[in-house]
Amino acid sequence: MNSTGETLSLIDLPDEVLQHIFYYFSPEDTLLNVDHISKRFNRLSNEPLLWRYHCRVQFRYWDSNHRIRQKFAGNVGDVDWKTLFLYRQQVDLQTTRTLDSILEGQIDRIGKFEEISKFGYDAKDTLLRHCHTSSEADDALARKYYANAVLDHVHRSKALAEWWKLGRGEGIISLERVLGSFDLFVLHDQPGDLVEISEILDELAARARIEYSNIEYLSARKKALAIATFLRAHNMTGIATELAYHDLQNSYIGIGLQADDHPSSPLISVAIFCAVAKRLGLDARCCGLTNHVYAMVYAQPFQDLDGKPLIEGDVPPAPMYLDPYRLNSEIPIEHLRSILAAWGIHPLEFPSFLSESTPTDLVLRTSRNILATIQEFRGHGGDRDNTEHPTVRLYANPLADMDNAFYSALWANFLLSPSVPSLDGPTQRQFIPPILERFERVYTMDASLIEQYICPPFNNSASSEHWELYEVLRKIRTADSTPRKLKSRVLDRARDKVKYKVGQVFRHKRYGFIAVIIGWDAECGMNSEWVAHHDVDAFPGGGHQIFYHALVEDTSMRYVAEENLEIIKPEVPISLMSLAGRYFKRWDWERHMFVSNIRDEYPDD
């Protein structure tokens, strides 16, 4: 009501007030309603500032081709923000529809993964929303599993692109990005991707500026020591105990920056130090000796490490060395030389050992650290409860993440190893068989990545490797596009013969593992070699009893005779919950079994 007693309506308000009010409307309300009220409202609701705000608030993740940071920082009128918002809204709609289609049937899933993946990071916000679906949803397990699976594929695509560019020397690639690419293989729906790793390092540099208000004016030596002290004071380098030295998590820069105890190997500790140091104006690099990694800090141009000006003709000062993993003090060069001498290295070779390690060297070294930890863990029998050997826990199911970590190390070695034999190490070819083995068994959705990175070097049709590669891809894509063979209890006359159902949880009578039934055969369907190897004919029921396909809590697949199943009804099978979404919609709390999502194959289960 105004001063004359008249009641004011919304249209009586000035433009600047209306524009402020429009920020409180949802984008959907603005598009469907406000836009159509009047020409004035249409004009005001199409202001670029409003749609830049919606783009910033509604979407956290953007594909790199948008260069969104530059756009947000630039002139608001240089970008058609409403069109950009509508594009992202369309991506959200198409991603959700395609994900729904993945859940509805087992056919053409590879193509559907690729359909979402083409949106890159523009699909990540949508996938994260589905990853966090309410546990009360009818398809909660399946939706979470496949949203995570597609997101994992998107993350792997980003990681391989980083290593591919590094291997070809394309542009300047930061160490934090090529090391952070390992994190992308195990990240799932957690924070800690390449952009977020960079943001955390930016924040650390900003905090260092606050705690050391004069840090910009310190000499290179004092600044390096201040940064090392700052990082160790905030527990950002090193590990809590040397007993955990070989833990898998120590090889991941994202985990080192985010976890409560900030665990990091010497390599990761030095990488964190160098990243923060560079943000604070230092020329900091990594130096990898055989048994440890150190930081090297160079003096500023035309100065020595203590900030004193160099006189024309002076020899450029040698770098200083630090060990951020253990200490916040300088490591005398004499100490490092004494280590090299103890190894029997000739003094003339010292400079090559005490020089900078390239990002490629450090990525390959990280991959070796990952492989060594996994090998040691498996050497102990893979007992997750044994605390006397390295742990493999990262973000999700430890054994599944161990497979992801192993897969990442294989890819890093393939993309960064030489294509021709050398005395220095393995070649690309050596990593193709293990990559393909895991591709066929676990990562079939990565067909496009195999085609993009592995196939081109073997594009000679006269080569046997060419046909072997394309035969593997043909088999995988054909199997994916072929409808599953129907296993009906009625049509197969197996209603009374097949005792147990898809979704029931069991304990193996002989080996004790917990698993869930994901399929069945009316009799043993394996070849004679498998039957002989497992001595099936010696079973009381032999090979003519029901055999069940099973998903085991250790992520493996087993084929189990009915006589070896002991059905159990747990309150909730914790060890299977993160894996079960591949085949099941949800856990039925009343019947204590999983609800099938593969009824296109087993319609009566």
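Residues numbered from 1 in each chain as written. Predicted model: local features only at pLDDT ≥ 70, side-chain atom pairs only at ≥ 80, totals over all residues. Heavy atoms only, no water.

A. Local environment of the overall build of the protein. The helix and strand inventory of the protein stands at 23 helices and 11 strands. Referenced to the eigenvectors of the C-alpha coordinate spread, the extents of the protein come out at roughly 95 × 95 × 55 Å. Counting every position in the protein, which comprises 605 residues, the buried fraction comes to 49%. (Helix = DSSP H or I, 4+ residues; strand = E, 2+ residues; numbered from the N terminus. Buried < 20%, exposed > 50% of the residue type's maximum accessible area, 1.4 Å probe, protein only.)

B. Region of interest: the sheet that holds strand S8 (residues 557-561). Taken in spatial order, the 5 strands make up an open sheet running S8-S7-S6-S5-S9, and their pairing is antiparallel. Because the sheet does not close on itself, it has two edges, and the strands there are S8 and strand S9 (565-568). For this sheet the average axis-to-axis angle between neighbouring strands, irrespective of direction, equals 45°. Where strand S5 (residues 505-508) and S9 come together, 4 bridges link them in antiparallel fashion. Across the sheet, the residue bridging to Phe-506 is Ile-567, located in S9. (Pairing = 2+ DSSP bridges. Axes fitted to C-alpha atoms, helices over the stretch in contact; angles between N-to-C directions.)

C. Just the layout of surface pockets, in detail. One number sums up the size of the second largest pocket: a volume of about 880 Å³. Trp-62, Asp-63, Ser-64, Arg-177 and Val-195 are, among the 27 residues lining the second largest pocket, the residues nearest its centre. Listing elements by their share of the lining of the second largest pocket, those giving two or more residues are helix H5 (68-73), helix H9 (140-167), helix H10 (175-184) and helix H11 (194-211). Considered class by class, the residues forming the lining of the second largest pocket number 10 nonpolar, 5 polar and 12 charged. (1 Å grid on protein atoms, 1.4 Å probe; cavity = no way out; pocket = protein on both sides within 12 Å on 5 of 7 lines; lining within 4 Å. Points joined across faces, edges and corners; volume = space filled by probe spheres on them. Nonpolar A, V, L, I, M, F, W, Y, C, P; charged D, E, K, R; others polar.)

D. A look at the side chain of Thr-126. One can find Thr-126 in helix H8 (residues 124-131). There is a polar contact of 2.8 Å between the side chain of Thr-126 and the side chain of Asp-92. Residues in contact with Thr-126, not counting those within four places in the same chain, are Asp-92, Thr-95 and Thr-96. (Polar contact = N/O pair within 3.5 Å; in protein donor to acceptor, adjacent residues only side chain to side chain. Contact = heavy atoms within 4.5 Å.)

E. Highlighting the pairing of strand S7 (residues 547-552). Most of S7 sits inside the fold, with 5 of its 6 residues counted as buried. Direction of pairing for strand S6 (residues 514-521) relative to S7: antiparallel, over a ladder of 6 bridges. Counterpart to Trp-520 in the pairing with S7 is Tyr-548. Across 5 bridges, S7 lies against S8 in antiparallel orientation. Across the sheet, residue Ala-550 finds its bridge partner in S8, namely Arg-558. Adjacent in sequence and paired antiparallel, S7 and S8 are bridged by 4 residues, among which Thr-555 carries a positive phi angle near 80°.

F. Expanded view of the pattern of salt bridges. Enumeration according to the criterion identifies 34 salt bridges in this entry. Put simply, Glu-114 and Arg-477 hold a salt bridge, and the shortest N to O gap is 2.7 Å. Linking Glu-114 in helix H7 (residues 109-117) with Arg-477 in helix H21 (residues 464-481), this pair joins segments that are 363 residues apart in sequence. One salt bridge connects Asp-202 with Arg-279, and the closest N-O pair in it is separated by 2.6 Å. Within this pair, whereas Asp-202 is found in helix H11, its partner Arg-279 is found in helix H14 (residues 266-279), the two being separated by 77 residues in sequence. Residue classification places Asp-202 among the partly exposed positions, given a relative accessible area of 34%. Within the structure, one salt-bridge network assembled from shared partners comprises Arg-60, Arg-69, Glu-196 and Glu-199. (Salt bridge = Lys/Arg side-chain N within 4 Å of Asp/Glu carboxyl O.)

G. Representation of the sheet that holds strand S4 (residues 330-331) within the structure. In space, the 4 strands of this open sheet follow the order S1-S2-S3-S4, with antiparallel pairing throughout. On the outer flanks of this sheet lie strand S1 (283-288) and S4, each paired with one strand and no other. Where strand S2 (residues 293-298) and strand S3 (residues 320-322) come together, 3 bridges link them in antiparallel fashion. Within S3, the position partnered with Met-296 by the bridge is Tyr-321.

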